[in-house]
Amino acid sequence: MEKEQFYYDNKIVKMFLIATILWGVVGMLVGLIVALLFIFPNLLEGISWLSFGRIRPLHTNAVIFAFVGNSIFMGIYYSMQRLLKTRMFSDTLSKIHFWGWQLIIVAAAITLPLGITSSKEYAELEWPIDIAITLIWVVMGINMIGTILKRRQRHIYVAIWFYLATLITVAVLHIFNNLELPVTGFKSYSIYAGVQDALVQWWYGHNAVAFFLTTPVLGLMYYFVPKVANRPVYSYRLSIIHFWSLIFIYIWAGPHHLLYTALPEWAQNLGTVFSVMLIFPSWGGMINGLLTLRGAWDKVREDPVLKFFVVAITGYGMSTFEGPMLSFKTLNAIGHYTDWIVGHVHIGALAWNGFMAAGIIYWLATKLWKTDLYSKKLANIHFWLGTLGILFYALPLYVAGFTQAAMWKQFNPDGTLVYGNFLETVTQIMPMYMMRAFGGTLYLAGFILLAYNVIKTAKAGSVVEDELAEAAPLKKISPARVAGEGFHSWLERRTILFTFLVVIAIAIGGAVEIIPLLTVDSNIPKITSVKPYTPLELEGRDIYIREGCNNCHSQMIRPFRSEVERYGEYSKAGEFVYDFPFLWGSKRTGPDVHRVGGKYNDNWHFNHMLDPRTTSPGSIMPQYPWLITDDLDVSQTVNKVNAMVTLGVPYTQFELDKAVYLLQNQAKEIENSLRQDPEFVKNYGNSEIEKKEIVALIAYLQRLGTDIKAEAEE
């Protein structure tokens, strides 16, 4: 059969490669700054847009969506064309995808430091950017589907299966988790409240790890590891089992992030069961990847690309062993809210995602610029710096996690907590934070070497943006199975049916867990004493969200003796029915604040925000001086209360009509309370503090956890 000639589009691959390196350096640098803030809390003192709570989500978004995201697209655009033996469906759509994604990253880099955030972990971006992400994802989807439909290869290879699952599932997760009610151009409230919001968020959060950081990278593994090793994939059958079992089981596992919380027990148990089952398909993939290197291990000694791949796949195996183990309630009770989880996450990010991206970049640099790598020696140095960086990063955090858990739970013989002052558990792990920062420095240094190596390689070579290729056109055959054709081989050429089955596989788990929680009232027993926030408390809550306080403080007291003793009555599902969004947090750098209302007087909160060291010597919390000087913006207060009413919060007509008046009255009461302190009068007596943001934040903090106490008094 006569072959057709066509050209692969290497230019788009090169663009994503450069973006991967650029955003990788930026994301890791911000991460290093975040790590240093644990050691030097005064490092960026007084700069609101560089405070920890604002740049921590900047780091996670930069690494996940900018660095790893661009690396995924780099690999997909290179491998899809070659696996399907065709140029991408549309060069224009490829460019819109690239530039649209970069603009979204820039928008995130501007808005997150400004405190424009929805607060939902890994989904902090506000609604206009969420819509932009959806549109760009659709552009990418049309380009991918179009390329698949015009292919010259009859069966779609295993890598494409994972790309398709990524395309579909990320779209579903992103849309449902980001359903929100806009209030202003950059402010919205989640349409889900409290427990419901928590389940939807961690259904998204866990599966963002699954379908953005795992499945597309597995697809890349199935293409690039055999390509570089020059070996076929170890087992086609194992690939089939790996793929279908992984995408079906993964989607159920989100509730394991909410064990021992106010989430209904049945949902927690479902999450645990499926999380434990997840180890089998995950390890199936790891085994398939490593055994693909059978007969090629001698190359691993020589080839830095394969070294990166081996550590990456091993890191994937470690993470996917640890994840199911952490789903057991016994281990989860130790690990959750501690730095163990941060270490666990970074094994996946630094090893699996970072090293897989590095290996692919080194290999593609030689292919795109048609030359040898500038320096294998530098690549090897990068490998060892990165490997040591991972160890210095993660191991101290495992120690920190166990230390924290042990100290939080210890009791004296008389029934009191051994470490009643939470700060003792923070200062104890400072050496671990220092080692973590050292490990991060090594990892970043290694990646900068990669950037230098690629630049030198590019200068030595010459890029071929349109690479000539040829392949026979696809001959039409019966849509039915032909003689000797296996079921899955037949399915691989029925791409529409294949895609439909993927949709079914990923939809079942989410539907079974989320729909009952949204529709069955008994899952969230009502507490009559729980009332809506006052307008001032609502404004204070928004400031709490803006400053990213939930990055360090949880609002969920678990039913453990140690937590009840330390914080008070454990949290109930009915307490969060007016929380749009939920703010349970995922890490305790500071103590839980769910029962902080009434624990301290207003002056304590004022001084704590102004300089935490004055109220809590040794604290690593940043200062928030701008809360004392910045006026509280009440121009949107009425709209915010109205938005709450739209979401079902039962404000009265009087509260709606007099929202600003009520806010000002409560603010005045707090200022009067603050004036009980002569030092306050001396320093801030003429500052009109009742008009400042600090008053709203104090109002919110003083409200937390008090409603349930009112019920007890009744």
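Above: the structure in question.
Here the structure is a predicted model, which is why all the values come from computation and not from measurement. (Residues numbered from 1 in each chain as written. Predicted model: local features only at pLDDT ≥ 70, side-chain atom pairs only at ≥ 80, totals over all residues. Heavy atoms only, no water.)

A. Just the overall build of the protein chain, in detail. Helix and strand counts for the protein chain stand at 30 helices and 4 strands. On C-alpha atoms alone, the protein chain measures out to a radius of gyration of 27 Å, which is about the 27 Å that the 2.2 N^0.38 rule sets for 714 residues. Principal-axis analysis of the C-alpha atoms places the extent of the protein chain at approximately 90 × 50 × 50 Å. Buried positions account for 61% of the 714 residues belonging to the protein chain. Summed over all atoms, the accessible surface of the protein chain reaches about 27,500 Å², with 64% contributed by carbon and sulfur. Of the side chains in the protein chain, 58 bear a positive and 56 a negative charge, and the two mean positions are spaced by 13 Å. (Helix = DSSP H or I, 4+ residues; strand = E, 2+ residues; numbered from the N terminus. Rg over C-alpha atoms; globule rule 2.2 N^0.38 Å. Buried < 20%, exposed > 50% of the residue type's maximum accessible area, 1.4 Å probe, protein only. Areas by Shrake-Rupley, 256 points an atom, 1.4 Å probe, with all protein chains shown as cover. Lys, Arg positive; Asp, Glu negative; His and termini not counted. Charge placed at Lys NZ, Arg CZ, Asp CG, Glu CD.)

B. Inspection of the packing of helix H8 (residues 236-250) against helix H10 (residues 279-291) at higher detail. At a minimum axis separation of 8 Å, H8 and H10 run at an interaxial angle of 145°. Here the hand of the crossing between H8 and H10 comes out left-handed. Between H8, through Leu238, Ser239, His242, Ser245, Leu246 and Ile249, and H10, the contact on the second element is made entirely by Pro281, Ser282, Gly284, Gly285, Ile287 and Asn288. Among the residues forming the contact of H8 with H10, the class breakdown is 5 nonpolar, 7 polar and no charged. (Axes fitted to C-alpha atoms, helices over the stretch in contact; angles between N-to-C directions. Left-handed = near helix turned anticlockwise from the far one by under 90°. Contact = heavy atoms within 4.5 Å. Nonpolar A, V, L, I, M, F, W, Y, C, P; charged D, E, K, R; others polar.)

C. Quick peek at the pattern of salt bridges. Tallied over the entire structure, the rule returns 31 salt bridges. Here arginine 82 makes a salt bridge to glutamate 467, at a shortest N to O gap of 3.0 Å. With arginine 82 in helix H2 (residues 52-84) and glutamate 467 in strand E4 (residues 466-471), the pair connects residues that are 385 residues apart, well separated along the chain. Grouping residues by exposure puts arginine 82 and glutamate 467 together as buried. Close ionic contact of lysine 120 with aspartate 197 constitutes a salt bridge, the shortest N to O distance being 2.8 Å. Of this pair, lysine 120 sits in the loop between helix H3 (91-111) and helix H4 (127-149) while aspartate 197 sits in helix H6 (residues 194-211); the two residues are 77 residues apart in sequence, bridging distant segments of the chain. Of the two residues, lysine 120 and aspartate 197, both sit in the buried class. (Salt bridge = Lys/Arg side-chain N within 4 Å of Asp/Glu carboxyl O.)

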